[in-house]
Amino acid sequence: MYEAERSRLVNGLRDNGYVTDERVLAAMEKVPRHEFIPAELRDQAYADSPLPIGMGQTISAPHMVGIMMQALELRPGHKVLEIGAGSGYHAALMGEMVRPGGMVYTVERLEPLGAKAAEAIERLHYDDVVKVIVADGSSGLAEHAPYDRITVAAAAPGVPRPLEEQLADGGRMLVPVGGQGYQDLMLVTRHGDKMERTGLGGVVFVPLIGEHGY
Ligand code: SAH
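Sequence order as written defines the numbering, with residues in each chain counted from 1. Whole-chain, interface and lining totals are the exception, using all residues; otherwise, since this is a predicted model, local features are given only for residues with pLDDT of at least 70 and side-chain atom pairs are given and counted only at 80 or more. With hydrogens and water stripped out, all remaining heavy atoms of the structure feed into the side-chain values.

Caption draft 1: The arrangement of the pattern of salt bridges in detail. Any carboxyl oxygen of Asp or Glu within 4 Å of a side-chain nitrogen of Lys or Arg constitutes a salt bridge here. Counted under the stated rule, the structure contains 10 salt bridges. For R14, the salt bridge is made with E22, and the minimal N-O distance between the two is 2.9 Å. When a residue's accessible area, from a 1.4 Å probe over protein chains only, is under 20% of the maximum for its type it is buried; when over 50% it is exposed; and in between it is partly exposed. Given a relative accessible area of 31%, R14 falls into the partly exposed group. We classify E22 as partly exposed; its relative accessible area is 45%. R197 is paired through a salt bridge with E164; the nearest N and O atoms lie 2.9 Å apart. Here R197 is found in strand β9 (residues 194-203), whereas its partner E164 is found in helix α6 (residues 161-165), with 33 residues between them in sequence. For R197, a relative accessible area of 45% translates into the label partly exposed. Residue classification places E164 among the buried positions, given a relative accessible area of 4%. Here the salt bridges share partners, and the residues they tie into one network are R161, E164, E165 and R197. Strands here are runs of E lasting at least two residues and helices are runs of H or I lasting at least four, both read from the DSSP assignment and numbered beginning at the N terminus.

Caption draft 2: Spatial organisation of the packing of helix α2 (residues 22-30) against helix α4 (residues 89-98). Put simply, α2 and α4 touch, their axes get as near as 9 Å, and they point 125° apart. The angle between the axes of α2 and α4 places the two elements in the oblique class. Where α2 crosses over α4, the two elements pack in a sense that is right-handed. The residues of α4 that touch α2, namely those facing R23, V24, A27, M28 and K30, are Y89, L93, E96 and M97. Side-chain classes are defined by residue name, with Ala, Val, Leu, Ile, Met, Phe, Trp, Tyr, Cys and Pro counting as nonpolar, Asp, Glu, Lys and Arg as charged, and the others, Gly among them, as polar. Of the residues that constitute the contact of α2 with α4, the class distribution is 6 nonpolar, no polar and 3 charged. Axis definition: a line fitted to C-alpha atoms, over the contacting stretch in the case of helices. Angles run 0 to 180 degrees between N-to-C directions. Roughly parallel means an angle under 35 degrees; roughly antiparallel means over 145; roughly perpendicular covers 65 to 115; every other angle is labelled oblique. Take the far helix as your reference; a near helix turned counterclockwise from it by less than a right angle gives a left-handed crossing, and one turned clockwise gives a right-handed crossing. The contact criterion used is simple: two residues touch if any of their non-hydrogen atoms lie within 4.5 Å.

Caption draft 3: Representation of unusual backbone geometry within the structure. In this structure, the amide linkage connecting R99 to the following residue, P100, adopts the cis form with an omega of -5°. For P100, the position within the fold is in the loop between α4 and β4 (103-108). The residue after A145, namely P146, is reached through a cis peptide bond having omega 0°. Turning to its location among the elements, P146 is positioned in the loop between β5 (130-134) and β6 (147-152).

Caption draft 4: Highlighting the nonpolar core. Remark: nonpolar core denotes a set of buried residues (Ala, Val, Leu, Ile, Met, Phe, Trp, Tyr, Cys) joined through side-chain atoms within 4.5 Å. Formed by 46 residues in total, the largest nonpolar core has its most connected members in M28, M69, L74, Y89 and L93. Within the residue set of this core, elements represented by two or more residues are α1 (3-15), α2, β1 (51-54), α3 (62-72), α4, α5 (111-123) and β8 (182-191). If you tally residues by element for this core, the top one is α4, at 7 residues. Apart from the residues within four sequence positions on either side, L93 is in contact with A27, M28, V31, V65 and M69. Among the nonpolar cores identified, the runner-up in size contains 21 residues, and Y105, A156, L167 and M173 belong to it.

Caption draft 5: Representation of the site of the ligand within the structure. What surrounds the ligand is a group of 25 residues, the closest being S87, E108, D136, G137 and I209. Within 3.5 Å is the distance limit for a polar contact, defined as a pair of N or O atoms, with the added protein rule that one can donate a hydrogen and the other accept it, and that residues adjacent in sequence qualify only through two side-chain atoms. Between an oxygen atom of the ligand and a side-chain N or O atom of S87, the distance comes to 2.6 Å. One of the backbone nitrogen or oxygen atoms of I209 is found 2.7 Å away from a nitrogen atom of the ligand. In the complex, 99% of the free accessible area of the ligand, which totals 580 Å², lies under the protein chains. Of the residues forming the shell around the ligand, the biggest block, 3 residues, is contributed by strand β2 (residues 57-59). Classifying every residue of the shell around the ligand gives 13 nonpolar, 8 polar and 4 charged. We call a residue near a molecule or strand whenever a single non-hydrogen atom of that residue lies within 4 Å of it. Per-residue accessibility takes into account occlusion by the displayed protein chains alone, with areas from the Shrake-Rupley method and a 1.4 Å probe.

Caption draft 6: Here's a closer look at the pairing of β9. Note on pairing: two strands pair once DSSP finds at least 2 bridges between them. Sheet topology note: the β8/β9 ladder contains 8 bridges and is antiparallel. Looking at β9, one finds that R190 is bridged to M195. Between the end of β8 and the start of β9, which pair antiparallel, lie 2 residues, with G192 showing a positive phi angle near 65°.

Caption draft 7: Here's a closer look at the pairing of β5. Here β4 runs beside β5; their pairing, made up of 5 bridges, is parallel. Among the inter-strand pairings, Y105 is bridged to a residue of β5, identified as K131. The crossover handedness rule: strands pointing away from the viewer, path from first strand over the helix to second strand clockwise, crossover right-handed. Read from β4 through α5 to β5, the crossover connection turns out right-handed.

Right, dumping it as structure tokens:
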């Protein structure tokens, strides 16, 4: 179901230049976004826009997810930490990209959303490569650190210090930093104890709520 709509969306992301990495586009072609959103919104699953997923939260627009995955440079075997599982869609896409041998740990603070995400992950057979954890992820997830890649799907007032500490040497992290309403998507690259920060442009994310968030 929805294969034609999904292909049209992915071709659009390629044609308008948002996403050039063919591995990212292949993952987006494969993962059924409509399986991660509320049933009554499924017909809108392949429009390039964010959608509500309940409890005041949203699944990001496909172009934003594509841009983030491309900037992360995910490779097979990577250990990834995501803060803000939401629907679980982005985690499933990252699971595609780190197979074989990799693992995605995705943390969600709202239990009902975490439970729904875990259910979709299992139904679509990503549970071998994606684990959903219900917790405050603003302090990261120390038990599986260090991570080759970290991605934060909610806006933080600054780069949370525990996340920098849990990033592996040579690792890459994405985190939207700024006020509630508008943020700069920061790419943090770790070189030893040095953190290189590059702003990738303006974005709008829901707030990161927790000890190292708002
Ligand atoms: N990546 C998601 C979209 C996430 S929206 C997807 O593909 O659907 C951001 C999510 O971050 C929301 O579900 C919100 O509840 C969650 N969140 C906010 N603060 C958090 C925190 N401190 N720890 C974990 N999750 C958090």
